[in-house]
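# Topology and contacts: notes
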Amino acid sequence: MTIPFTPWPAAFAERYRAEGYWTGDPLTDVIDRHRGAAAEATAILCGERRFRYADVQGLSVRLAAAFRARGLRPGDTALVRLPNRAEFYLVFFALLRCGVVPVNALNSHGVYELTAYARQIEPALAVLPAADQALVALMTQTVGPERLLLLGAPSDDGIGGFAWADGDALAEDAAEPPPAADPSGVAFFQLSGGSTGTPKLIPRTHDDYLYSVRRSVEICGLDETCRFLCALPAPHNFTLSSPGALGVFHAGGTVVMAGDPSPATCFPLIARHRVTWAALVPPMLSVWLEAAGGGEDLSSLEVVQVGGAKLSPAVAERVPERLCCRLQQVFGMAEGLVNYTRLDDDPWTVVNTQGRPMSPDDEIRILDAAGHPVPPGAVGELWTRGPYTFRGYYKAEAHNARVFDAEGFYCSGDLVSLAPGGNLVVCGRNKDQINRGGEKIDAQEVEDLLAAHPAVGHAAVVAMPDALMGERSCAFVIAPPGTKPSELRRFLRGQGLADFKLPDRFVFVPDLPKTAVGKVDKQTLRERARKDNALMETTAS
Ligand code: AMP
Ligand code: DBH
């Protein structure tokens, strides 16, 4: 059985192979290519534990054998939600080895998100932290205890921390493993930020994802001396592949796991392990800039990458002086296209632009609302296709028809302009989403949940500007007098919605403004949220 996905047209696939982008190697190659003496190098540092490349290979092979012993077969799917621990990679590589296709949910995702993903992929396996009782209860019902793998306390033997929810220890299938998965098929599902109410899944193939990793390694000039701090959620496309942990593995370097991106957690790790690279979202960069100079030795840092949301030039400018390292801006998307400022770009370009596409075969178009190219320097919507940009969300025909054009270009919903020199500048967004410091909130998803509350007549969620986060979320709600924000927050939490999606502010209104065609006028609401916000800030100061 294989996972259905929208393939690249044959002529494109041929070209991507001829160019050497798609090599026909499995994604596990990033680990397995290190043999002999190279496999003795440290791949992962996690707390007090050290995993050599040989360990990551051996342990993921054993875990794969344990999955097979439980009857998992190529084409099955898995729902995984693990914290930033080495085991995340052991499970990921084990699943790739068995041809089991995972969704790697973020650690912040709750019962609501996992239910939505499970509905789409109908998982044959779930992997969760044993301590998360609500999720364990949910997945026991969904996949059964015999297909629910639980992660407990860290163990020196990296798979020693796992046990089946039915109480059985891990037994390994002694039979020959099945033939390797087809590298042109789906390796795993990446998560989209979403803007349509239902979380969308992005099928990524071995061929396309491995290319994006290799090309990222080239652009960033990574080698085996790289020590990368994994401080953002490990499954996020940025931390996984731009060049992320997979890039560092490919280069033979070391990934240092951090439980969270705060200076209190990260600075001691940087000093102790002589970390050279880190990937951050803009709010965390600001926090790091404030905290730097507090006595912790950060002198090993060579590059800090920032992406996920727009970085303000004023903050960007402070990086070399405060952190004594270089800045790289990364504008990427789980759907594919990744833009980097290059390490040898001039300082103005690094501070003021979000980079340019990494592949010579990334095609981009900047179009106006009528679908015509805008003049150079003008703002338009970003459309793209290329050797690692997907051709369709999983099982979402109607949505795909809207966001792809007849030539297979994907509309990212970002408003961009072209800077002198050819780099992109992100100027805004044309999708119903809030980008809360790199964490994307699908407005409709939250609106639908709010509308399910008996007191709520109608709700509209929009972004309001925020000095630290870039944006926070504001919900305009029609509800009877006396309705409390705390009650609505509790209601949303009760549905299992991730915390970062809870509206930061509620504004109760008698009515919502409408456009000429009768839709909620979000532009007016955004304007109002911005003004109210400015007003509150003035009164507060
Ligand atoms: P996702 O679809 O969840 O992977 O999120 C990708 C989106 O994040 C992009 O389409 C942009 O809207 C936003 N994004 C990512 N990196 C940047 C960046 N460096 N600057 C501005 N926006 C960004
Ligand atoms: O925000 C993103 O999705 C993102 C940011 C930077 C991304 O997917 C990436 C780099 O690959």
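The present account deals with the structure reproduced in this document.

## Brief notes about the overall build of the protein chain
- Per the secondary structure count, the protein chain includes 18 helices and 25 strands.
- The C-alpha atoms of the protein chain give a radius of gyration of 23 Å, which matches the 24 Å a tight globule of 541 residues would have.
- On the principal axes, the C-alpha backbone points of the protein chain span a range of 65 × 55 × 55 Å.
- Counting every position in the protein chain, which comprises 541 residues, the buried fraction comes to 58%.

## Section: the packing of aromatic side chains
- One pass over the full model with this rule turns up 23 aromatic pairs.
- Ring geometry for W8 against W22: centres 4.9 Å apart, planes inclined by 75°, an arrangement best described as edge-to-face. Linking W8 in the segment before α1 (10-18) with W22 in the loop between α1 and α2 (29-32), this pair joins segments that are 14 residues apart in sequence.
- The class of W8 is buried, set by a relative accessible area of 9%.
- Here Y16 and Y21 contribute two aromatic rings whose centre-to-centre distance is 6.3 Å and whose plane-to-plane angle is 40°, an arrangement assigned as tilted.

## As for the sheet that holds strand β19 (residues 410-418)
- Here four strands make up an open sheet; going across it, the order is β17-β18-β19-β20 and the pairing antiparallel. Edge positions in the open sheet fall to β17 (363-367) and β20 (424-429), since each of these has one partner strand only. Each strand of the sheet is rotated relative to its neighbour by a mean of 45°, with strand direction disregarded.

## Overview of the environment of H250
- Within the secondary structure, H250 sits in helix α9 (residues 244-251).
- Taking the relative accessible area as the measure of exposure, H250 reaches 11% and is therefore buried.
- As for H250 and V217, which are separated by 33 residues in sequence, their C-alpha atoms are 7.9 Å apart.
- Sequence-distant contacts of H250, defined by excluding residues within four places in its chain, comprise V30, R33, H34, V213, R214 and V217.

## A closer look at the sheet that holds strand β12 (residues 277-280)
- Spatially, the nine strands line up as an open sheet ordered β2-β1-β11-β10-β12-β13-β14-β15-β16, and their pairing is mixed. In this open sheet, the two edge strands, each paired with only one partner strand, are β2 (49-52) and β16 (356-357).
- Looking at chain direction, strand β14 (residues 326-333) and strand β15 (residues 336-340) are connected through four bridges and run antiparallel. Across the sheet, V330 pairs through a bridge with Y340, a residue of β15.
- Sheet contacts for helix α3 (residues 53-69): β1 (42-46) and β2; angle to β2, the most-contacted strand, approximately 85°.

## Focus: the site of ligand 1
- Near ligand 1, the surroundings consist of 18 residues, among which V330, A334, D414, K431 and K440 are the closest.
- Here a nitrogen atom of ligand 1 sits 3.0 Å away from a polar atom, N or O, in the main chain of G308.
- Within the side chain of K440, a nitrogen or oxygen atom sits 3.2 Å from an oxygen atom of ligand 1.
- Here ligand 1 loses 94% of its free accessible area of 500 Å² to cover by the protein chains.
- If you tally residues by element for the shell around ligand 1, the top one is β14, at four residues.
- Counted by class, the shell around ligand 1 contains six nonpolar, seven polar and five charged residues.

## Remarks on the site of ligand 2
- Near ligand 2 the following residues occur: H236, N237, F238, S242, G308, V330, G332, M333, A334, V338 and K440.
- Measuring from an oxygen atom of ligand 2, one finds a side-chain N or O atom of N237 at 3.0 Å.
- With respect to ligand 2, the side chain of S242 contributes an N or O atom lying 2.7 Å from an oxygen atom.
- Burial of ligand 2 by the protein amounts to 95% of the accessible area it has alone, namely 290 Å².
- At the level of elements, α8 (237-241) and β14 are the ones that each hand at least two residues to the shell around ligand 2.
- For the shell around ligand 2, the element with the highest residue contribution is β14, accounting for three residues.
- Broken down by class, the residue content of the shell around ligand 2 amounts to five nonpolar, five polar and one charged.

## Some thoughts on helix α4 (residues 86-98)
- In this model α4 runs 19 Å from its N-terminal to its C-terminal C-alpha over 13 residues, within 8% of the 18 Å that 1.5 Å per residue would give.
- Most of α4 sits inside the fold, with 13 of its 13 residues counted as buried.
- Trailing α4 by a residue or two, G99 shows a phi angle of about 75°, which is positive.

Definitions and limits used
- Residues numbered from 1 in each chain as written.
- Chains lettered and ligands numbered in written order.
- Predicted model: local features only at pLDDT ≥ 70, side-chain atom pairs only at ≥ 80, totals over all residues.
- Heavy atoms only, no water.
- Helix = DSSP H or I, 4+ residues; strand = E, 2+ residues; numbered from the N terminus.
- Rg over C-alpha atoms; globule rule 2.2 N^0.38 Å.
- Buried < 20%, exposed > 50% of the residue type's maximum accessible area, 1.4 Å probe, protein only.
- Phe/Tyr/Trp six-rings, centres within 6.5 Å; stacked < 30°, edge-to-face > 60°.
- Pairing = 2+ DSSP bridges.
- Axes fitted to C-alpha atoms, helices over the stretch in contact; angles between N-to-C directions.
- Contact = heavy atoms within 4.5 Å.
- Near = heavy atom within 4 Å.
- Polar contact = N/O pair within 3.5 Å; in protein donor to acceptor, adjacent residues only side chain to side chain.
- Areas by Shrake-Rupley, 256 points an atom, 1.4 Å probe, with all protein chains shown as cover.
- Nonpolar A, V, L, I, M, F, W, Y, C, P; charged D, E, K, R; others polar.
- Expected span 1.5 Å × (residues − 1).

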